[in-house]
Amino acid sequence: MAAKVAPSLLSADFSKLRDEVKLIEEHGAEWVHLDIMDGHFVPAITIGPLVVKALRPHTGLFMDAHLMVSEPENQIGSFVEAGIDLLTVQAETTVHLDRTLRKIKDHGIKAGAALNPATSPDVLEYVWPLLDLVLVMSVNPGAGGQEFIPAVMPKIKAVSEQIRSRGLSTELEVDGGINRDNARDIIDAGATILVAGSAVFKAENGMALIREVAGHGQ
Ligand code: DX5
Ligand code: ZN
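Residues numbered from 1 in each chain as written. Chains lettered and ligands numbered in written order. Predicted model: local features only at pLDDT ≥ 70, side-chain atom pairs only at ≥ 80, totals over all residues. Heavy atoms only, no water.

Q: Residues and numbers for the overall build of the chain, please.
A: Within the chain, the secondary structure is distributed over 8 helices and 8 strands. Computed over C-alpha atoms, the radius of gyration of the chain comes to 16 Å, within 12% of the 17 Å expected from 2.2 N^0.38 for 218 residues, which places it in the range of a compact globule. Principal-axis analysis of the C-alpha atoms places the extent of the chain at approximately 40 × 35 × 30 Å. The buried share of the chain, reckoned over its 218 residues, is 50%. Expressed as a percentage of contacts within the chain between residues at least 6 apart in sequence, the contacts between residues at least 24 apart total 65%. For the chain, the exposed area adds up to about 9800 Å²; of that, 50% sits on carbon and sulfur atoms. For the chain, the distance from the average position of its 19 positive side-chain charges to the average position of its 29 negative side-chain charges is 4 Å. (Helix = DSSP H or I, 4+ residues; strand = E, 2+ residues; numbered from the N terminus. Rg over C-alpha atoms; globule rule 2.2 N^0.38 Å. Buried < 20%, exposed > 50% of the residue type's maximum accessible area, 1.4 Å probe, protein only. Contact = heavy atoms within 4.5 Å. Areas by Shrake-Rupley, 256 points an atom, 1.4 Å probe, with all protein chains shown as cover. Lys, Arg positive; Asp, Glu negative; His and termini not counted. Charge placed at Lys NZ, Arg CZ, Asp CG, Glu CD.)

Below, the structure written as structure tokens:
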């Protein structure tokens, strides 16, 4: 099965984000992953809709926003207005997951739910029809450059099996600690989108990973 890399800008050079986005595009990326942190759900603060809006005219990449923010339902309109293509909320951050996913989709963009390493996919049981994407976190959210947590492998397989058995076309994104050494196993477990920050922007020959992953399974 083919998979793609969604490079995470978190590990890019923030003094030249437009160039970094162009660079991943030149190396064959189709998606760009934007990590939005609020200093509350996670300690770090990163970027918000203003940066998304500033980048939007400079790229045709599919903009994938991963909201690591409390009460994400209050942020949907501003990200949509900024030009985001997909909004993923952490399932732990919203009491009303069904309502939040519907609100995203009512804006005409795609919706996803992310699961912390300790969160069971059971929370998705009644919202499957609303999900364009499930994001399985393979590190605890909050920072790039962490180690992949192997205990999430069975969860990747379980979510993949749910998607397959329900006949859905939901994307299965895995995020955190992904590199050249473990990408193949994660794809084999069922991932369709691999988020990679440090492995793309900080590793030697990291940009080549984008085409290497796209070539798997072809
Ligand atoms: C972590 C973020 C990830 C992170 C991945 O909270 O959601 O997207 O940037 O970075 P690497 O690939 O370095 O683990
Ligand atoms: Zn992320």
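Resuming the write-up.
Q: Which residues make up the pairing of strand S4 (residues 86–90), and what values do they have?
A: Counting buried positions along S4 yields 5 of 5 residues, so the element is predominantly enclosed. Burial along S4 is two-sided: Leu86, Thr88 and Gln90 and Leu87 and Val89, pointing in opposite directions, are all buried. Judged from the 4 bridges that link them, strand S3 (residues 62–68) and S4 form a sheet pairing that is parallel. Each bridged residue has a counterpart across the sheet, and for alanine 65 the counterpart in S4 is leucine 87. Between S3 and its parallel partner S4, the chain crosses via helix H3 (residues 76–82), and the hand of that crossover is right-handed. Taken together, the 5 bridges between S4 and strand S5 (residues 110–115) define a ladder with parallel strand orientation. (Pairing = 2+ DSSP bridges. Right-handed = clockwise from strand over helix to strand, strands pointing away.)

Q: How would you sum up the packing of aromatic side chains? Please name residues and give values.
A: According to the stated counting rule, one finds 1 aromatic pair in the structure shown. An angle of 35° between the planes, with centres 4.4 Å apart, marks the rings of tryptophan 31 and phenylalanine 62 as tilted. You can see tryptophan 31 sitting in strand S2 (residues 31–37) and its partner phenylalanine 62 sitting in strand S3, a full 31 residues away along the chain. Of the residues examined, tryptophan 31 reaches a relative accessible area of 7% and is grouped as buried. (Phe/Tyr/Trp six-rings, centres within 6.5 Å; stacked < 30°, edge-to-face > 60°.)

Q: If you had to explain the coordination of the zinc ion (ligand 2) to someone new, which residues and values would you point to?
A: Taken together, the protein ligands of the zinc ion (ligand 2) are His33 (NE2), Asp35 (OD), His66 (ND1) and Asp175 (OD), with distances of 2.1 to 2.3 Å. Coordination geometry of the zinc ion (ligand 2): the 6 donor atoms subtend angles of 68 to 167° at the metal centre, consistent with an arrangement described as octahedral. The motif formed by the donor residues of the zinc ion (ligand 2), counted along the single chain, is H-x1-D-x30-H-x108-D. Taken together, the residues histidine 33 in strand S2 and histidine 66 in strand S3 connect sequence positions 33 residues apart. Neither histidine 33 nor histidine 66 differs from the other in exposure class; each is buried. (Donors = N, O, S within 2.8 Å, 3.2 Å for Na, K, Ca; no water. Tetrahedral: all angles 85-135°; square planar, octahedral: opposite > 155°, others 65-115°.)

Q: Talk me through the nonpolar core; I want residue IDs and the actual numbers.
A: Ranked by size, the top nonpolar core spans 64 residues in total, and within it Leu9, Ile24, Ile84, Leu87, Ile156, Ile186 and Val200 carry the most contacts. Those residues in contact with isoleucine 186 that lie beyond four places of it in its chain are Phe148, Met153, Ile156, Val174, Ile178, Ala191 and Leu194. (Core = buried A, V, L, I, M, F, W, Y, C linked by side-chain atoms within 4.5 Å.)

Q: Give a description of the side chain of aspartate 175 that names residues and reports values.
A: Tracing the chain through its elements places aspartate 175 in strand S7 (residues 171–175). At 3.2 Å, the side chain of aspartate 175 forms a polar contact with the side chain of histidine 66. Apart from residues no more than four positions distant in its own chain, aspartate 175 is found in contact with His33, Asp35, His66, Leu135, Val136, Met137, Ser138, Val139 and Val195. (Polar contact = N/O pair within 3.5 Å; in protein donor to acceptor, adjacent residues only side chain to side chain.)

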